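# Understanding the architecture of this molecule
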Amino acid sequence: LLWFNGGPGCSSMLAWMQEHGPYVMDDGDTTFHENPYSWNKNASVIYLDQPAGIGFSWCDEATAPEDCASGDYESSLDNLDVLKTWFKRFPEYKTRDLYLSGESYAGIYVPYLLWQIDTFNNDPETAEDDKINLKGMMVGNGVTNWAYDTMPATIDMGYWRSIIGQDLHDQINKLACNYSLIDFDKNPSDECMALLD
């Protein structure tokens, strides 16, 4: 099982240390304890930090900035390279079923990597022994569409959890504020931005 935390840019060590790794540290604690619900009781789990430069992954911006590309497409190529290299290093896992998994922004990472693996496996140049035994994917609470899953979802969630009050929510709706592309510097009006602030 290959695991990605989301973000984008969140280290997968978060899942390893606080969600489903073999040992976890609860919020506020200073020591690890055995996780009775660890996923590694049922599967071998690879926790992958990506894109390059996140968590324990690295790239050298000064001498090889092209290796630090962090777009979804570039990251999916890097992730495919990681898997191919990993299987060369640990060939005993090559014939086992592989599942891609993650949460949040992994709703983008996982399908992109699945696509890269499928393309690689179906390339006539790929030797049969080099093909990756991909069986499936799973994503929890996945971001799949910027227009719905990012800031608009934050506004809705905040409202339904009473973090955003009725008056503020009504003002946002009255002005038809569209926050869907805010992460791409396509900000709504100053008035809508003031409401968001």
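Along every chain, residues carry numbers that run from 1 in the direction the sequence is written. Local features are withheld for residues below a pLDDT of 70 in this predicted model, meaning they are given only at 70 or higher, and side-chain atom pairs are given and counted only at 80 or more; totals for whole chains, interfaces and linings count all residues. Hydrogens and water are ignored here; the side-chain numbers use all heavy atoms of the structure.

## Here's the deal with the packing of helix H5 (residues 151–160) against helix H6 (residues 166–174)
In this analysis, axes come from line fits to C-alpha atoms, helices being fitted only over the stretch in contact, and the angle between any two N-to-C directions falls in the range 0 to 180 degrees. In this text, helices come from DSSP runs of H or I with a minimum length of four residues, and strands from runs of E with a minimum of two, each type numbered from the N-terminal end. Orientation of H5 relative to H6, taken along the N-to-C sense of each, is 150°, at an axis distance of 10 Å. With respect to H6, the axis of H5 lies roughly antiparallel. When the axes of H5 and H6 are compared, the crossing they make is left-handed. Side by side, H5 and H6 meet where Ile155, Asp156 and Tyr159 of the first sit next to Gln166, His169 and Ile172 of the second. Gly is put with the polar residues, along with every residue not named as nonpolar or charged; the nonpolar set is Ala, Val, Leu, Ile, Met, Phe, Trp, Tyr, Cys and Pro, and the charged set is Asp, Glu, Lys and Arg. Each residue belonging to the contact of H5 with H6 can be placed in one class, and the counts come to three nonpolar, two polar and one charged. Angles below 35 degrees are treated as roughly parallel, those above 145 as roughly antiparallel, those between 65 and 115 as roughly perpendicular, and all remaining angles as oblique. What makes a crossing left-handed is the near helix being turned counterclockwise from the far one by less than a right angle; a clockwise turn instead makes it right-handed. The contact rule is simple, with two residues in contact once any of their heavy atoms fall within 4.5 Å.

## Description of the nonpolar core
Ranked by internal contacts, the top residues of the largest apolar core, which has 19 residues, are Leu2, Phe4, Leu83, Leu98, Leu113, Ile117 and Ile132. Mapped by element, the contributors of at least two residues to this core are strand E1 (2–4), helix H2 (72–89), strand E5 (98–103) and helix H3 (106–122). Sort the elements by how many residues they give to this core and H3 lands first, with seven residues. Setting aside residues up to four positions removed in sequence, Phe4 forms contacts with Ser12, Leu48, Gln50, Asn79, Ser101, Gly102, Glu103, Ala106, Tyr109, Val110 and Leu113. In this structure, Ile164, Ile172, Cys192 and Met193 belong to the second largest nonpolar core, which totals nine residues. Here the nonpolar core consists of buried residues drawn from Ala, Val, Leu, Ile, Met, Phe, Trp, Tyr and Cys, with membership extended through side-chain atoms lying within 4.5 Å. Remark: exposure states derive from per-residue accessible area (1.4 Å probe, protein chains only) relative to the maximum for the residue type, with buried under 20%, exposed over 50%, and partly exposed in between.

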